[in-house]
Amino acid sequence: MTPVMHLNTPSHCTQSPVEPPAGFDAAAIRAQFPVLQREFNGKPLVYLDNAATTQKPRPVIDTITHFYEHDYGTVRRGVYALCEGSTRAYEEARAKVSRFINAPLSCGVIFTKGTTEAINLVATGYGRPNVGRGDEVIVSALEHHANLVPWQQLCKDVGATLKVIPINDAGELDMAAYKKLLSKKTKLVAVTHVSNALGTVNPIKAIIDEAHQAGAVVLVDGAQAASHIPIDVQALDCDFYCFSGHKLYGPSGIGVLYAKICHLDEMTPYQYGGEMIESVTFEESTFTKPPNKFEAGTPPIVQAVGLGAAIDYVNQIGLPTIAAWEAYLLDIATRKLSTIDGLHIVGTAADKVSLISFVMDQAHPLDIGTILDTEAIAIRTGHHCAQPVMKRYNLPATARASFAFYNTVDDVDRLVAGLHKVIELFE
Ligand code: C6P
């Protein structure tokens, strides 16, 4: 493989080591995740694809099973006890999400299928009525396709222009360039809180404040942030914030769109159907208020309840403690990977979550992933649905190890040993 240019020494390696949070027992936490007890090829699983999706702890699995066994019914549509109980549980889950992100009102929390659907909902429901010919939408060079393609399509359809905030070699946004991009034409800024390809944490509050000064609204893609960083949508003052339940130790098939009520009241519905209407005749329909206005059809009931249980679980440990353990793992892993000959870390921002993208001179990322799999080590390889990021570094793909709070120092050591095996096989 061609050696990679523009990769800096990770700043971690020049600083003093990060200390673990006192009394944190990752092994005990790991024991609460049934799938992490599995073995592959006779070796215990090391799960390092947490940026793709996280594993589920016993309390989340038990809540879902118990709900199906005892409480399951449709929501909002019946007067019988099961339906009323189910509706209560569904709305309690919404209230938990609302508290988790400090939303002012739980009706500003819309349940979606995931981050992708939440962004598409905004691109359609807010973007179409508010972005027109000659207007501009700003995204960043770090975006996942889910927060790029919907805006690209919108701009094409309405005759607007998509502008891109560039990044430096470390994978950090060029904030001076961002300020220059903002103008009266900017209608919307859509930026990721954390990059899924590099792990960069963006200065999201500053991005929001600058956009507001220019008169633009801001959508934050929080898919990679919600499991690592405490979110306070009121302190951020973002207009929209999206994340996925499956990346937050909850079930797949559920996501969240937070929006300021003033936007939700104005927005057009995303989908049309049952339970989002006020009245229907053959001539005309009128629509109900948020959140129902944006939740057509039978919603993801059990997934919402499961997400509520995941939030309870995360809250019990505490996001600050989780972040401290993950910072410790990131520091150790960065130091150890940096000593491997021919390995280059891609994305060396000063502020990163526990995610390391890398390439090796000896092997293609796909080969790295395949060899690690024989060692029961699960990482992601490829473009991570962020092709423009790969292009920025002139790479077709990277290998990506992403850590959660149930990962241990032993997992880091297994990864390092696996990478030495890659070198042995390819040298
Ligand atoms: N990133 C990854 O391995 P969904 O699929 O809708 O739950 O999330 C989409 C999405 C949006 N934004 C960001 C920043 C993301 O990282 C993701 C999902 C996964 O990196 C799957 S490609």
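About the criteria used
- Residues numbered from 1 in each chain as written.
- Predicted model: local features only at pLDDT ≥ 70, side-chain atom pairs only at ≥ 80, totals over all residues.
- Heavy atoms only, no water.
- Pairing = 2+ DSSP bridges.
- Helix = DSSP H or I, 4+ residues; strand = E, 2+ residues; numbered from the N terminus.
- Axes fitted to C-alpha atoms, helices over the stretch in contact; angles between N-to-C directions.
- Core = buried A, V, L, I, M, F, W, Y, C linked by side-chain atoms within 4.5 Å.
- Buried < 20%, exposed > 50% of the residue type's maximum accessible area, 1.4 Å probe, protein only.
- Domains from an automatic or database assignment.
- Contact = heavy atoms within 4.5 Å.

(A) Expanded view of the sheet that holds strand 9 (residues 240–244). Spatially, 4-10-9-8-7-5-6 is the arrangement adopted by the seven strands of the open sheet, whose pairing is mixed. Two strands close off the open sheet at either side, each with one partner strand: strand 4 (109–112) and strand 6 (161–165). Averaged over neighbouring strand pairs, the angle between their axes works out to 20° when direction is ignored. The sheet contact formed by strand 5 (residues 136–140) and strand 6 spans five bridges and is parallel. The residue of strand 6 that forms the bridge with V139 is V164.

(B) Inspection of the nonpolar core at higher detail. Residues V189, Y241, I368, F405, L415 and L419 are the most contacted members of the largest nonpolar core, which totals 111 residues. With 11 residues, the single largest contributor to this core is helix 10 (residues 301–317). Split by domain, the residues of this core number at least three in each of domain 1 (11–57 + 318–426) and domain 2 (60–316). In this view, F405 contacts F24, A26, I29, F33, Y249, Y313, I317, I322, W325 and E326; residues no more than four positions away in its chain are not counted.

(C) Representation of the pairing of strand 8 (residues 217–221) within the structure. Here strand 8 lies mainly inside the structure; five of its five residues are buried. The alternating pattern of strand 8 places V217, L219 and D221 and V218 and V220 on opposite faces, both of which are buried. Examined bridge by bridge, strand 7 (residues 186–192) and strand 8 share five bridges and lie parallel to one another. Note that in strand 8 the partner of T192 across the bridge is D221.

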